[in-house]
Amino acid sequence: LLALKGEAQATACINNMKQIDGAIDLFALENNKTDGDPVTADNVKAYIKGGEMPVCPGGNKAYTLAGTVGAAISVTCQNAGNTPPHKLRP
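Residues numbered from 1 in each chain as written. Predicted model: local features only at pLDDT ≥ 70, side-chain atom pairs only at ≥ 80, totals over all residues. Heavy atoms only, no water.

**Remarks on the packing of aromatic side chains**
Then step 1. In total, this model carries one aromatic pair according to the counting rule given.
Then step 2. A centroid spacing of 6.4 Å and a plane angle of 70° characterise the contact between F27 and Y47, whose relative ring orientation is edge-to-face. Linking F27 in helix α1 (residues 2-30) with Y47 in the loop between α2 (41-44) and β1 (63-65), this pair joins segments that are 20 residues apart in sequence. (Phe/Tyr/Trp six-rings, centres within 6.5 Å; stacked < 30°, edge-to-face > 60°. Helix = DSSP H or I, 4+ residues; strand = E, 2+ residues; numbered from the N terminus.)

And the structure:
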């Protein structure tokens, strides 16, 4: 049962990171940003449902942005080392 809970949390976390990744893309598109331009959580909040950055459901930890538009992995979770891993694939 705990394994299922961990898998559900990892899936929800990955979905959150995909939403943030999409918000980064929208921010970049609407603001004429190109690869390498800086991006912060404050820049993308407006492109996320509810206007707030989500947190990882596996411990309410904040996500970390890569800091630039076009990064191969644009957002990471502090629980990336968990089993199952909370990681976006490039």
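**As for the environment of G58**
Then step 1. As for its placement among the helices and strands, G58 is situated in the loop between α2 and β1.
Then step 2. Sequence separation between G58 and A10 is 48 residues; the distance between their C-alpha atoms is 7.3 Å.
Then step 3. Excluding its chain neighbours within four sequence positions, the residues that come into contact with G58 are Q9, N79 and H86. (Contact = heavy atoms within 4.5 Å.)

**Comments concerning unusual backbone geometry**
Excluding glycine, residues mostly have negative phi values, and the peptide bonds linking residues are mostly trans.
Then step 1. A cis amide bond, omega -5°, links T83 with the succeeding residue P84.
Then step 2. Structurally, the position occupied by P84 is in the segment after β2 (75-77).
Then step 3. Although it is not a glycine, N32 adopts a positive phi angle of roughly 55°.
Then step 4. Assignment of secondary structure puts N32 in the loop between α1 and α2.
Then step 5. At N60, a residue that is not glycine, the phi angle is positive and equals roughly 55°.
Then step 6. Inspection of the secondary structure puts N60 in the loop between α2 and β1.

**Looking at the nonpolar core**
Then step 1. Counting residues in hydrophobic clusters, the biggest one holds 18 residues, and the most contacted among them are M17, I20, V44, Y63, L65 and V75.
Then step 2. Elements with a contribution of two residues or more to this core: α1, β1 and β2.
Then step 3. For this core, the element with the highest residue contribution is α1, accounting for seven residues.
Then step 4. What V75 contacts, discounting residues up to four positions off in sequence, is M17, I20, Y63, T64, L65 and L88. (Core = buried A, V, L, I, M, F, W, Y, C linked by side-chain atoms within 4.5 Å. Buried < 20%, exposed > 50% of the residue type's maximum accessible area, 1.4 Å probe, protein only.)

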